[in-house]
Amino acid sequence: MTEVVTRFAPSPTGYLHIGGARTALFNWLFARHSGGRFLLRIEDTDRVRSTDDAVSAIFDSLKWLELDWDGDAVSQFSRAARHAEIVEELLEKGHAYRCYASPEELAEMREQARARGTTRLYDGRWRDRDPSDAPVGIAPVIRFRAPLTGVTTIEDNVQGQVTVKNDALDDIVLLRADGSPTYMLAVVVDDHDMGVTHVIRGDEHLNNALRQVNLIEALGWQRPTYAHIPLIHGADGAKLSKRHGALGVEAYREMGYLPETLRNYLLRLGWGHGDDEIIDTAQAIAWFDLGGIGKSPSRLDFAKLDNLNGHYVREASVERLVVLLAPHLLRLLGRVLSPEEAQRLAAALPDLKERAKTLVELAENSSFYFCDGPPSPDEKAKKLLTADAGLLLARLHQHLLEVATWSNASLEAVLREFAAAEQIKLGQIAQPLRAALTGRAVSPGVFDVMRVLGREETLGRIKAAATTNNPVLGSQ
RNA sequence: GACCCCAUCGUCUAGCGGUUAGGACACGACCCUUUCAAGGUUGAGACACGGGUUCGAUUCCCGUUGGGGUCACCA
């Protein structure tokens, strides 16, 4: 029984998008589940489109998702010499040949193939031509001499048996005219050299696998096990675009999602384990298998993502949330929290985190704790702060002055007594009080807010609201 | 256009010849309740269509329709 080796092989032409993240996750989970290795290879053979920024963005995203890879990331470009060496071997054995067709000729062939309604594009004009016919001064590409007849079949762990007639498969280019290797060549060689046993990748490569398999056969190597996972679509079922959320992983981070949320969500998108929904990473490693991967494409659903994130936010520790919230609060308030404010945040978080879907929301919901002086009420809060409410708050203020211990229990007792004495329901005083303390109609429980705010700040905010909204003393 | 893949509630899915077709998100109602969440109870909601095979098809086969992918000296 050989060790399982999986790999994630993104091309560094942009950020790590959500589909790539899921591919990485599946590879990582399968390797960890099997006690094998998870490798990372950067497919940077396209020198024009590959950038260092993209490479570091991919690293950052994987690290944030906590998908650790084994060993150093391999640069495919750095292995060009090895790729060329394999092509030499292929040439010697007659599995490859030089092709001098010009771009114009190729375009013409493409047109003709299209008109004829065939899939095979290249007409093989240099396939068996005598090398002495080679035009001078033109650098050839090296093509693979693919079988013309028969069929190629792969046994895919997700899609099942897939067969295609060889006459639909082209003689793929192995080496470009400038001598650089193409992706088709590089993946095959690198996967082999890296000892990859399981190729788990997006469905868009299923057709490529058929071509690659023939190359592997020609080289006399062993095929890896394939698992082509269905693509992720937007909410409308169309191909994922920026509009839908084909965003980089770092965008999700900025939107306030937790890495464990993304892992859990992405896992369930296209993979199932009975009725289980909340699956932590340890459990995912224990359960993950290729057989559980669904065959049909799935759609991204932000409502479910939000719900899941709410779960993990509630589960997160206050200490961690304080740290995670820092950048969001900085953006919101335009400044960092003072040590006292950070303490207040920590005290408020147990109540706050129960009612937020994202870190962004959590930061917003906490902001009334950090305003300078009494909060300015929003529209709904203004409606609560009537003249009557102002009078009520003024009277409550008097009672609150006498509270000995500033705790939820004693505060609640005072409020209930007050409501009874005023012959009103608790809600009739609690709502204006909430508006006075938070400037909103929605917040954690008022007793919790008063406790976290502390006696002085609470009384100050009540007094301010009572004064502003007093029909006699009020400024308006 | 050719080739390949896919098809269960709006969405993610369970189901692997016989089920009142299950769960989750979202949606409605109710409960809880100082608001909002969370939680609890509950309601509505699906086997794309047409042929077979079979005693029996959501499940197996074929076709139709619909969706997706691939057809580069990109990956």
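Relevant structure appears above.
Quick caveat: nothing in here was measured; it's all calculated off a predicted structure.

What counts, and at which threshold
- Residues numbered from 1 in each chain as written.
- Chains lettered and ligands numbered in written order.
- Predicted model: local features only at pLDDT ≥ 70, side-chain atom pairs only at ≥ 80, totals over all residues.
- Heavy atoms only, no water.
- Helix = DSSP H or I, 4+ residues; strand = E, 2+ residues; numbered from the N terminus.
- Rg over C-alpha atoms; globule rule 2.2 N^0.38 Å.
- Buried < 20%, exposed > 50% of the residue type's maximum accessible area, 1.4 Å probe, protein only.
- Contact = heavy atoms within 4.5 Å.
- Polar contact = N/O pair within 3.5 Å; in protein donor to acceptor, adjacent residues only side chain to side chain.
- Expected span 1.5 Å × (residues − 1).
- Near = heavy atom within 4 Å.
- Phe/Tyr/Trp six-rings, centres within 6.5 Å; stacked < 30°, edge-to-face > 60°.
- Pairing = 2+ DSSP bridges.
- Axes fitted to C-alpha atoms, helices over the stretch in contact; angles between N-to-C directions.
- 1 Å grid on protein atoms, 1.4 Å probe; cavity = no way out; pocket = protein on both sides within 12 Å on 5 of 7 lines; lining within 4 Å.
- Points joined across faces, edges and corners; volume = space filled by probe spheres on them.
- Parallel < 35°, antiparallel > 145°, perpendicular 65-115°, else oblique.
- Left-handed = near helix turned anticlockwise from the far one by under 90°.
- Nonpolar A, V, L, I, M, F, W, Y, C, P; charged D, E, K, R; others polar.

This part covers the overall build of chain A. When its secondary structure is counted, chain A shows 19 helices and 12 strands. The C-alpha radius of gyration of chain A comes to 32 Å, more than 25% above the 23 Å expected for a compact globule of 476 residues. Structurally, chain A occupies a C-alpha span of about 105 × 50 × 40 Å along its principal axes. Out of the 476 residues in chain A, the part that is buried amounts to 48%. Across chain A, every contact between residues at least 6 apart in sequence was considered, and the portion connecting residues at least 24 apart equals 75%.

Another point: the side chain of Arg120. By secondary structure assignment, the location of Arg120 is in the loop between α4 (103-116) and β5 (141-144). Separated by 2.3 Å, the side chain of Arg120 and the backbone oxygen of Leu169 make a polar contact. Reaching out from Arg120, the side chain makes a polar contact with the side chain of Asp171 at a distance of 3.2 Å. When residues no more than four places from it in sequence are discounted, the contact partners of Arg120 are Ala113, Arg127, Pro147, Leu148, Asn166, Asp167, Ala168, Leu169, Asp170 and Asp171.

Below, the discussion takes up helix α6 (residues 206-219). Here α6 is 14 residues long and its end C-alpha atoms lie 20 Å apart, about the 20 Å a rise of 1.5 Å per residue gives. Counting buried positions along α6 yields 11 of 14 residues, so the element is predominantly enclosed. Of all the residues in α6, the buried ones are Leu206, Asn208, Ala209, Leu210, Gln212, Val213, Asn214, Leu215, Ile216, Ala218 and Leu219. Within two residues after α6, Gly220 carries a phi angle of roughly 75 degrees, on the positive side.

Turning next to the protein's contact with RNA strand B. For RNA strand B, the set of nearby residues contains 66 residues, the closest of which are Leu121, Arg176, Gly270, Arg355 and Arg434. Taken together, the sugar and phosphate atoms account for 66% of what RNA strand B places within 4 Å of the protein. For RNA strand B, a base nitrogen lies 3.3 Å from a polar atom in the side chain of Arg114. At a separation of 3.1 Å, a base nitrogen of RNA strand B approaches a polar side-chain atom of Lys304.

This brings us to the packing of aromatic side chains. On inspection of all chains with the given rule, the structure shows eight aromatic pairs. Summarising the aromatic geometry, the rings of Phe26 and Phe288 are spaced 5.1 Å apart at their centres and angled 50 degrees between planes, so their arrangement reads as tilted. Placement of Phe26 in helix α1 (residues 18-34) and of Phe288 in the loop between α9 (281-287) and β12 (298-299) is noted, with a sequence separation of 262 residues between them. On the basis of relative accessibility, which here comes to 0%, the residue Phe288 falls in the buried class.

This part covers the sheet that holds strand β4 (residues 96-99). Taken in spatial order, the three strands of this open sheet run β4-β5-β8, and their pairing is antiparallel. In this open sheet, the two strands that pair with only one neighbour each are β4 and β8 (173-175). The sheet shows a mean angle of 45 degrees between the axes of neighbouring strands, taken without regard to direction. With two bridges connecting them, β5 and β8 associate as antiparallel partners. Following the sheet pairing, Arg143 is matched in β8 by Val173.

Moving on, we come to the layout of surface pockets. The space that makes up the largest pocket amounts to roughly 1,000 Å³. Taken together, 36 residues line the largest pocket, and the ones lying closest to its centre are Ser11, His17, Gly20, Glu204 and His205. Counting only elements with at least two residues in the lining of the largest pocket, the list comes to β1 (5-8), α1, α5 (183-193), β9 (198-202) and β11 (232-233). Looking at which element gives the most residues to the lining of the largest pocket, the answer is α1, with four residues.

Put simply, helix α15 (residues 387-401) and helix α19 (residues 455-468) touch, their axes get as near as 8 Å, and they point 155 degrees apart. One finds that α15 runs roughly antiparallel with respect to α19. Crossing hand, α15 versus α19: left-handed. Across from Gly390, Leu393, Ala394, His397, Leu400 and Leu401 in α15, the residues of α19 making contact are Arg455, Leu459, Ile462, Lys463, Ala465 and Ala466. Looking at the contact of α15 with α19 residue by residue, the classes come out as eight nonpolar, two polar and two charged.

Taken by themselves, the reported measurements are silent on function.
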